[in-house]
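Summary of the model geometry
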Amino acid sequence: MTDTIIEVRNLTREYQMGAELVRALRGVDMSIYRNEYVAIMGPSGSGKSTLMNMIGCLDTPTEGEYWLNGLEVSTMGDDALARVRNREIGFVFQTFNLLPRASALHNVELPLIYAGVSGRTRREHASGALSRVGLSDRVDHRPNELSGGQRQRVAIARALVNEPSILLADEPTGNLDSTTSEEIMTVFEELHAQGQTIIMVTHEADIAAHAHRVITLRDGRVHSDTKKAA
Amino acid sequence: MRLSAIPEGAAIALDAIRANKLRSGLTILGIVIGVSTVMAMASIVQGIRGQIFETLEIVGPTTFRVLRFFSTTPLNPDALPREVRIRPVLSPEDAEAMQDLPEINYSAIWVGLFERLAYDRTRTQLLVVYGADPRFMEVLGGDIIEGRTFTPTEARAGTPVVVLEREAADRLFGRENSMGKVIRVGGRPFRIVGIYREPDNIFQPPGQDIAAIVPFRAAERNFRYDETNSLVILVKPRTGISVDVAMDAATLELRRIRKLKPGDPNTFDMITSDQILGLFNRLTGVFFLVMIVLSSVALMVGGIGVMAIMMVSVTQRTREIGVRKAMGATRREILWQFLVEAATLTLLGGALGITLGLGAGEVLKNVMGFTTGVPIWSAVTATAVSIAIGLIFGLLPASRASKLDPVEALRYE
């Protein structure tokens, strides 16, 4: 299946840091297809966080093109980007980034609020997403009443609730022990098996090994791009 | 979308308030004080207005007054301006002349005095004593509960008789029967012929209730008083005659007996209840304006407090803002969220202030004997103003929140 979901051409991002011009991305080209499970690797400073922000539509490139699901994202303004993030991208963060005073259910409802889904439908979708990650019995718990693995699963449920084109995970196991990390990887595996496109940024080789394709960045360019034989 | 953000924003706000009870409490204190001040002031002014209205209602909205000179402040009787000095002092004959007019139902000259009452060894402080005419109840209201009012003969002769107000009678005599006894009014002997009961809600400064009424002629004979400020002729038109018509007739009659030529200015002033009310409204208007300015200072301070706390809140929740943006919140939605939060905070302060103000109003009502409550419009205004303060002072923090860069915000520790 060669249905392109991400098309990146000559993606460049420069920052002005004081007097110095930092060139975080120096022309990245890549394509990611529907239902791929991709890990983006690279040492710190390789530009993988910047690329992640670009793919997540949190940042716009200095130069180059970014097409997401047929939309040219690289030229969009703030509000349009917010809409794209809401519809097309599900974020999973290293530090979970759940709202501390809100219940698991309410955390998962968050993207639906911004999608304009209201009332019962919203709660139904949210509890559906929570049961997809095996947390239907933790709906009313607050983040501090949940274990690290459970918190990350709430975050995954939140990422999935709007049925995004891509699940974008930034070091999803960075704050978890190895057993819990495996548990989360199993969840990713299952989601991928259900057809979810997953892009995961990590610096851990054993976590990247779960992906079916590994893109390595170095000095703001794609260094290697290897597909695992199925 | 924006409407659905209100309950969401309010829930977030209440959550944040619960989490920082003391901080939020101190933040909204200024709003609470400001709003309750406005409410209490509104109820005072409303209460006084109510009493003025009631008094004028008793006196009758059609009753008008003839004065030697109408001034908003009492004139110094020892240094009268020339324009006053050339005017004749009001006399019982003026009142009688108007009484004879077909348009007039009641016309009598009154003098207001402050005198001590004494019986045996009991002595009161200075109390209000009116020198009036036997039909004084038609103007003051109330009724005779014992004995009688003085007769027209006593009135004409200036017989030293007195109708004592019930409270003054209680003070002087206790349970003892007072009828027929001779008391001293300002040192002069007066015989009690009746006991009068004041109407309940008559507007009087505390301690200045009417204590006694004596015939005008008796007052004239026994007491010294200031002829400009103390004398007034109260005039009531006949039923079916408008105040304007009656005033015209009274003016013509007074001009006639004072032998004024056409073109000469009047040597007296006439004022209606409406004019007194208008004067009162002007005075309370100024008072109210001052109060509103003062309490808006409190509200401003409160608003600045809210702004400061919202700034802190935005900084503390930078990450939350980043997450919300990552989840698809637009700038406008973040702006709206924080505005709703600020408005919730100030609305809460407003509600507390309204409760406090209502309480204070209730206390004032009992202490000062007002019959009217706190006006609804003041509660409505207070609510609207608190929300507006939240929106205005929340704007800066909220716009700062909305402009945060999501990448930076998510990285914020």
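Model, not experiment: these values are computed from the prediction.

A separate point is the domain arrangement of chain B. Assigned domains within chain B: domain 1 (5-55 + 279-411) and domain 2 (69-267). Averaged C-alpha coordinates put domain 1 of chain B and domain 2 of chain B at centres separated by 51 Å.

Residues and elements named next belong to chain A. A positive phi is found at asparagine 35, a non-glycine position, where the angle reads about 65°. Among the structural elements, asparagine 35 can be located in the loop between strand 2 (20-33) and strand 3 (37-41). If you check the backbone angles, aspartate 219 has positive phi at about 50° while not being a glycine. As for its placement among the helices and strands, aspartate 219 is situated in the loop between strand 9 (213-218) and strand 10 (221-227). Given the relative accessible area of 51%, aspartate 219 is considered exposed.

Here the focus is the interface of chain B and chain A. In this complex, chain B contributes 23 residues to the contact, which on the side of chain A involves 22 residues. The contact between chain B and chain A buries some 2,100 Å² in all, and 58% of this surface belongs to carbon and sulfur atoms. Counting the contacts that link chain B with chain A gives two salt bridges. One salt bridge in this structure joins B:Glu333 and A:Arg83, with 3.3 Å as the shortest N-O distance. Run the count over chain B and chain A and you get seven residue pairs in polar contact (both at pLDDT 80 or more).

Looking now at the environment of A:Leu81. Residues and elements named next belong to chain A. With respect to the helices and strands, the residue leucine 81 is situated in helix 2 (residues 78-88). Looking at leucine 81, the relative accessible area reads 4%, which means it is buried. Sequence separation of leucine 81 and threonine 60 is 21 residues, and the distance between their C-alpha atoms is 9.2 Å. In this view, leucine 81 contacts Cys57, Thr60, Val73 and Met76; residues no more than four positions away in its chain are not counted.

Let us now look at the packing of helix 11 (residues 318-326) of chain B against helix 12 (residues 331-368) of chain B. Residue and element names in this part refer to chain B. Where helix 11 contacts helix 12, the two axes come as close as 10 Å, and the packing angle between them is 140°. Viewed along their axes, helix 11 and helix 12 adopt a mutual orientation that is oblique. Considering only the axes of helix 11 and helix 12, their crossing is right-handed. Touching Glu320, Ile321, Arg324 and Lys325 of helix 11 are Arg331, Ile334, Gln337 and Phe338, all from helix 12. The class makeup of the residues in the contact of helix 11 with helix 12 is three nonpolar, one polar and four charged.

About the thresholds
- Residue indices begin from 1 for each chain and proceed along its sequence in written order.
- Labels follow written order: the first chain is A, the first ligand is 1, and so on.
- pLDDT decides what is reported in this predicted model: residues at 70 or higher carry local features, side-chain atom pairs at 80 or more are listed and counted, and totals for whole chains, interfaces and linings draw on all residues regardless.
- Hydrogens and water molecules were not included; the side-chain quantities draw on all heavy atoms of the structure.
- Domain segmentation is taken from an automatic or database assignment of domains.
- Every helix listed is a DSSP run of H or I at least four residues long, and every strand listed is a run of E at least two residues long, numbered separately from the N terminus.
- Buried residues are those whose accessible area, probed at 1.4 Å on protein chains only, stays under 20% of the maximum for their type, while exposed residues exceed 50% and partly exposed ones sit between those limits.
- Every residue pair with non-hydrogen atoms within 4.5 Å of one another is taken to be in contact.
- What gets called buried area is simply the loss in accessible area from a 1.4 Å probe that two parts show on being joined, summed for both.
- Take a side-chain nitrogen of Lys or Arg and a carboxyl oxygen of Asp or Glu: if they are within 4 Å of each other, that pair is a salt bridge.
- Under this definition, polar contacts are N or O atom pairs within 3.5 Å; protein pairs additionally need one hydrogen-donor-capable and one acceptor-capable atom, and for neighbouring residues in sequence, both atoms have to be side-chain atoms.
- Axes here mean lines fitted to C-alpha atoms, for a helix over just the part in contact, with angles spanning 0 to 180 degrees between N-to-C directions.
- Orientation labels follow simple angle bins: below 35 degrees gives roughly parallel, above 145 gives roughly antiparallel, 65 to 115 gives roughly perpendicular, and whatever is left gives oblique.
- Working rule for handedness: look at the near helix, and if it is turned counterclockwise from the far one by less than a right angle, call the crossing left-handed; if clockwise, right-handed.
- Gly is placed with the polar residues, together with every amino acid not listed as nonpolar (Ala, Val, Leu, Ile, Met, Phe, Trp, Tyr, Cys and Pro) or charged (Asp, Glu, Lys and Arg).

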